[in-house]
Amino acid sequence: MRSLRLLLARATVLPTMLTAALLVPHEAAAAAEGAASSGPAVVREERIASRLVELTLRSPALGREAKVRLLTPDGWERRSPGDRWPVLYLLVGGHGDPEAWTQDYAVDELAQLRDVLVVMPEMPVFGFYSDWWNQGAGGPPRVESFHLDEVRPLLERHYGAGTRRAAAGESQGGFGALSYAARHRGLFRAVASYSGYVHPLQHPHTVKAGMDYMGMDWRALWGDPVAQRAMWRAHDPYYLAERLRGVPVHLSSGDGTAGALDPPDVEPDPHVPGLEDPADPFPEDVISPTEAIMGEESRTLAARLAATGVPVTTHFYAGTHSPPYWSRELRRSLPGLLRALESPSS
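Peer 1: Sorry if this is basic, but what is going on with the overall build of the protein here?
Peer 2: Of regular secondary structure, the protein possesses ten helices and nine strands. Taking all 346 residues of the protein together, 58% fall into the buried category. Contacts spanning at least 24 positions in sequence make up 73% of the contacts within the protein whose residues lie at least 6 apart.

Peer 1: Looking at this structure, I do not really get the confidence of the model for the protein. What am I missing?
Peer 2: The predicted coordinates ought not to be read in detail in places where the model reports low pLDDT. Within the protein, residue pLDDT values average 89, and 89% of them lie at 70 or more. Counting contacts from residues 8-36, a segment whose pLDDT is below 50, to residues more than four positions away or on other chains yields 50 contacts.

Peer 1: Looking at this structure, how should I read the pattern of salt bridges?
Peer 2: Here the idea is simple: oppositely charged side chains can pair when their charged atoms come close. Scanning the model with the defined rule gives twelve salt bridges in all. The salt bridge involving Glu-77 is made with Arg-47; its shortest N-O contact spans 3.5 Å. You can see Glu-77 sitting in the loop between strand S3 (64-71) and strand S4 (85-91) and its partner Arg-47 sitting in strand S1 (residues 41-47), a full 30 residues away along the chain. Residue Glu-77 is classed as partly exposed on the basis of its relative accessible area of 35%. By relative accessible area, Arg-47 is classed as partly exposed at 24%. The salt bridge involving Glu-156 is made with Arg-152; its shortest N-O contact spans 3.4 Å. One end of the pair is Glu-156 and the other is Arg-152, both in helix H4 (residues 143-158) and four residues apart, which spans about a single turn. For Glu-156, a relative accessible area of 16% puts it in the buried group.

Peer 1: How should I be thinking about the side chain of Asp-262 in this particular structure?
Peer 2: Here Asp-262 is to be found in the loop between strand S8 (249-254) and helix H9 (289-308). Polar side-chain contacts of Asp-262 include one of 2.9 Å to the backbone nitrogen of Gly-259. Only 2.7 Å separates the side chain of Asp-262 from the side chain of Tyr-325, close enough to count as a polar contact.

Peer 1: Whenever I open this one, the nonpolar core confuses me. Can you help?
Peer 2: One recurring pattern in soluble globular proteins: nonpolar side chains tend to sit buried together. Judged by nonpolar contacts, the single largest core of 96 residues is most densely connected at Leu-70, Leu-90, Val-107, Leu-113, Phe-128, Leu-155 and Val-191. Per-element accounting of this core gives the leading share, seven residues, to helix H10 (residues 323-340). What Val-107 contacts, discounting residues up to four positions off in sequence, is Leu-71, Leu-90, Trp-101, Thr-102, Leu-113, Met-120 and Leu-330.

Peer 1: What is the right way to read a negative patch on the surface from this model?
Peer 2: A cluster of acidic residues, Glu-276, Asp-277, Asp-280 and Glu-296, forms a negative patch at the surface. Since its relative accessible area comes to 32%, Glu-296 is described here as partly exposed.

Peer 1: Any chance you could explain the sheet that holds strand S2 (residues 52-59) here in plain terms?
Peer 2: Remark on secondary structure: sheet strands pair via backbone hydrogen bonds, oriented parallel or antiparallel. Taken together, nine strands build an open sheet; the order of strands is S1-S2-S3-S5-S4-S6-S7-S8-S9 and the sheet is mixed. A strand with exactly one partner marks an edge of an open sheet, and here the two such strands are S1 and strand S9 (312-317). Here the average twist between neighbouring strands, direction ignored, is 20 degrees. Taken together, the six bridges between S8 and S9 define a ladder with parallel strand orientation. Opposite His-250, over in S9, you have Thr-313 as the bridge partner.

Peer 1: Honestly, empty space enclosed by the protein in this entry has me stumped. Any pointers?
Peer 2: Following the criterion strictly, the structure yields two cavities of 30 Å³ or more and no others. In this structure, the second largest cavity spans a volume of roughly 30 Å³. Surrounding the second largest cavity, Tyr-89, Leu-91, His-147, Leu-148, Tyr-180 and Phe-188 form its lining. Of all the elements in the fold, those that place two or more residues in the lining of the second largest cavity are S4 and H4. Tallied by class, the residues present in the lining of the second largest cavity amount to five nonpolar, one polar and no charged.

Peer 1: Whenever I open this one, the packing of aromatic side chains confuses me. Can you help?
Peer 2: Two aromatic rings are characterised by how far apart their centres lie and by the angle between their planes. Throughout the structure, instances matching the rule amount to eleven aromatic pairs. Where Tyr-238 meets Tyr-239, the ring centres are 5.1 Å apart and the plane angle is 80 degrees; that geometry is what we call edge-to-face. Through a chain of ring-to-ring contacts, three or more aromatic side chains come together here, namely Phe-126, Phe-128, Phe-175, Tyr-197, Trp-222 and Trp-232. Here Arg-79 stacks its cationic end above the ring of Trp-76, 3.8 Å away from the centre of that ring. Sitting above the plane of the Tyr-238 ring, Arg-304 keeps its charged end 5.5 Å from the centroid.

Basis of the calculations
- Residues numbered from 1 in each chain as written.
- Predicted model: local features only at pLDDT ≥ 70, side-chain atom pairs only at ≥ 80, totals over all residues.
- Heavy atoms only, no water.
- Helix = DSSP H or I, 4+ residues; strand = E, 2+ residues; numbered from the N terminus.
- Buried < 20%, exposed > 50% of the residue type's maximum accessible area, 1.4 Å probe, protein only.
- Contact = heavy atoms within 4.5 Å.
- pLDDT = per-residue confidence, 0-100.
- Salt bridge = Lys/Arg side-chain N within 4 Å of Asp/Glu carboxyl O.
- Polar contact = N/O pair within 3.5 Å; in protein donor to acceptor, adjacent residues only side chain to side chain.
- Core = buried A, V, L, I, M, F, W, Y, C linked by side-chain atoms within 4.5 Å.
- Patch = residues over 30% accessible without salt bridge, like charges linked within 9 Å, V, L, I, M, F, W, Y side chains within 5 Å.
- Areas by Shrake-Rupley, 256 points an atom, 1.4 Å probe, with all protein chains shown as cover.
- Lys, Arg positive; Asp, Glu negative; His and termini not counted.
- Charge placed at Lys NZ, Arg CZ, Asp CG, Glu CD.
- Pairing = 2+ DSSP bridges.
- Axes fitted to C-alpha atoms, helices over the stretch in contact; angles between N-to-C directions.
- 1 Å grid on protein atoms, 1.4 Å probe; cavity = no way out; pocket = protein on both sides within 12 Å on 5 of 7 lines; lining within 4 Å.
- Points joined across faces, edges and corners; volume = space filled by probe spheres on them.
- Nonpolar A, V, L, I, M, F, W, Y, C, P; charged D, E, K, R; others polar.
- Phe/Tyr/Trp six-rings, centres within 6.5 Å; stacked < 30°, edge-to-face > 60°.
- Lys NZ or Arg CZ within 6 Å of the ring centre and 35° of its normal.

Here it is as structure tokens:
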């Protein structure tokens, strides 16, 4: 899959950080707070561009250090302790590298984002925005806990993050935005998914196939989709639709065929054993099976949300599972996400 090509490239080559440390008064307080407890701690802070800051956190939830990138708003460097900005969380796909938001989507060039704090957290490869079951043992990786119980409070205490929040994500990040919003009511005012795994139980074999392809134990995530079905349902936005009432949702996805943003010589995705359901084969013109599956899941979820009374907008198109489409869809959905952050009260 093209997404797996991107995943493998980013998973095997760590991003190189070439800039000097940025020190702000809040860093010492955050580090001291973490050092005084068993909680998360900021161990390094770097400015990597004029408005781009990277934090390295010691994360008990992940059992290792992890990174969070911040695209800072105008005036952030001169902030006082009580200053707060609206927050847009951008959740990356299965490769887990937050550098994608600047490298592939150039979010740092968007003028609309100069008045919000943009948070781009790392995720373990194929982490699925979840605290893993691990055959009932729990423990790392606890991705949901890292993002919501470690990163979010730390940013709200020390880095100017307010409580007006929206979230968007591509591929697994789209799942993360919707699953987090439904599992934690009131967390986000609006969410958007670009080619997201938004209904895993519709195609559980694709979760297995993708994680098998990566050499991972797929049952460690949520267990078996039959024996541990309740756990799958507890994370699946389709079954959590009622909990999204009042939250504007935007869903977009391609159909897996070649589209307007694919090059003329676009190659089919590599073969991933088990991705295709023998009882429901892909149409002959599908060159991106992953995107065909994401399109089916997005359409299924859109119908479910509409029937449940959730305010949902959609954009479905011909296209593959690739960054040019996600960059376009981010820009299409951004005005709605930012509108949700405007009023001081919900």
